[in-house]
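Structural characterization, general
So you can see what is in the structure, the chains are spelled out below.
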Amino acid sequence: MHDFNYNGKELYCEKVPVGKLAAKFGTPLYVYSHKTLVGHFLKLKKAFSDIRPLICFSVKSNSNLSILKALLERGAGLDIVSGGELYRAKKIGADAGKIVYASVGKTKEEIRDAIRAGIFLFNVESLQELALISEVATVLKKEARVCIRINPNIDPHTHRYITTGTVDSKFGVDLDTARIIFLNRENFKNIKFAGLHVHIGSQITQVAPFLAALKRISLFIDGLRKMGVPLEWLNIGGGLGIIYNQERPQTAEGFAAKVVPILKKIGLKVILEPGRFIVGNAGILVASVIYVKDTLAKRFVVVDAGMNDLIRPALYDAYHEILPLVKTEDKGRKSEDRKKTDIVGPICESGDFLAKGRDLPLFGPGDLLAVMGAGAYGFSMSSNYNSRRRAAEVLVKGDKFYLIRGRESFDDLVRLEKAIRL
Ligand code: LLP
């Protein structure tokens, strides 16, 4: 599942002791395994090899240039959602012909830049957006390829904040609206209607919601075909769940075994947009213990990483496993020392926790711990709240390691600000 394992009492990333990286680069520190990252991409590619889909890595899950580059080199395309992500893609020379662009709020400038860059297609989320893309493409005298993002109204049974395919969410258009758009396709100048897009949510651990969505889409496609609408592509989004705790998500092969036959029947070329499945378990967040605080209610282990570094526990009550970098039992501590523990950050909010009520060995000041499964939506959602500098990021490959993002400096924090006296 990943390449963070104990070798004796020490946690390693591939062939490098994580403690060595913490000593060299400091904490909080994101550490990624190249092998896990690339391995997950290749697993998916292999599972779907029968239909050879275009796999567009979802940049929002982890947008570090070196992470993107590692995947591009193995043939990945990119799923972007902003001008900033397009900028990153261009920066590393990504093949624009493999870039798909979703987002409910693409601005005119973003649309213009994306058309100029020659991206493969837009995943269109509203009628107004489609009209704007048509307008911009016409001015630029280019043709813009689009997939219409369908909101199939299927509940993916995941956290409500990451549910996107139900009727009460802001994403995509309902089937009737989509049908009307396709039937009036001649009215949209300089638009090439390529097909459909669907993404019902994230961290989906069951295959059933995917199958339900595909069934609905498949009937919809039948209807369009009967009306003579030509379609070429079906983008089935991302959303594959991973193991954080006790989840039993579908494997790539298990997932493919269920959906490939349906996709073959539908007969369109396929795009996938996975993020978390590829990078989630390929990264950890390393933190140092500052204090251990036994209160009347419980034990708090205060670490130097907080909700600004990893917001998932605070925002979604997400579970991330906590592992000591050096197994503490081996330091002569007894099992009685285990106590229900909250791992908390230094930020001035009670929601600032990385783990709650865990059965953990006694950590002491200076001990190091790893927050597992932090590769997706970890660094990419981090912030400077409490004027904290964002963490450094290191990529490990075998026995080598590379600093792929330096730690921010205090100067970085105020670089764009002015102290104006009025
Ligand atoms: N495609 C679209 C259109 C998306 O909106 C997303 C994610 C993906 C693909 C990739 O989904 P994935 O394969 O990673 O599930 N911050 C949340 C997750 C937000 C997902 C947003 N959209 C979290 O930390 O759980």
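Just above, that's the structure.
Scope of this entry: the structure provided in the associated data block. All of these numbers come straight from a predicted model, not from anything done at the bench.

Side note on the pairing of strand 1 (residues 4-7)
In this structure, strand 1 lies alongside strand 2 (residues 10-13), joined through four bridges in antiparallel fashion. If you follow Tyr6 over to strand 2, its bridge partner there is Leu11.

Quick notes on the site of the ligand
The immediate surroundings of the ligand are formed by 19 residues, with Ser202, Glu273, Arg312, Tyr316 and Tyr377 found nearest. Backbone polar atom of Gly239 to an oxygen atom of the ligand: 2.8 Å apart, as the coordinates give it. Residue Arg276 places a main-chain N or O atom 2.8 Å away from an oxygen atom belonging to the ligand. Taken by itself the ligand offers 580 Å² of open surface, and the protein chains cover 92% of this. The residue inventory of the shell around the ligand, partitioned by class, reads five nonpolar, eight polar and six charged. The two domains that each donate at least three residues to the shell around the ligand are domain 1 (4-31 + 281-414) and domain 2 (34-279).

Digging into the packing of aromatic side chains
The geometry of an aromatic ring pair is captured by two quantities: the separation of the ring centres and the angle between the planes. Under the defined criterion, the tally for this structure stands at ten aromatic pairs. With 5.9 Å between their ring centres and 85° between their planes, Tyr30 and Phe379 make a pair best called edge-to-face. A residue pair is termed long-range when its members are at least 10 positions apart, and Tyr30 in strand 4 (residues 29-33) and Phe379 in the loop between strand 18 (368-371) and strand 19 (392-397) qualify at 349 residues. Just as Tyr30 is buried, Phe379 falls in that class too. Each ring, one from Phe188 and one from Phe193, has its centre 6.0 Å from the other, and the planes form 65°; the classification is edge-to-face. Here the two residues Phe188 and Phe193 agree in accessibility, since each one is buried. An aromatic cluster of at least three residues, connected via ring pairs, comprises Tyr30, Tyr32 and Phe379.

Thresholds, definitions, all that
- Residues numbered from 1 in each chain as written.
- Predicted model: local features only at pLDDT ≥ 70, side-chain atom pairs only at ≥ 80, totals over all residues.
- Heavy atoms only, no water.
- Pairing = 2+ DSSP bridges.
- Helix = DSSP H or I, 4+ residues; strand = E, 2+ residues; numbered from the N terminus.
- Near = heavy atom within 4 Å.
- Polar contact = N/O pair within 3.5 Å; in protein donor to acceptor, adjacent residues only side chain to side chain.
- Areas by Shrake-Rupley, 256 points an atom, 1.4 Å probe, with all protein chains shown as cover.
- Nonpolar A, V, L, I, M, F, W, Y, C, P; charged D, E, K, R; others polar.
- Domains from an automatic or database assignment.
- Phe/Tyr/Trp six-rings, centres within 6.5 Å; stacked < 30°, edge-to-face > 60°.
- Buried < 20%, exposed > 50% of the residue type's maximum accessible area, 1.4 Å probe, protein only.

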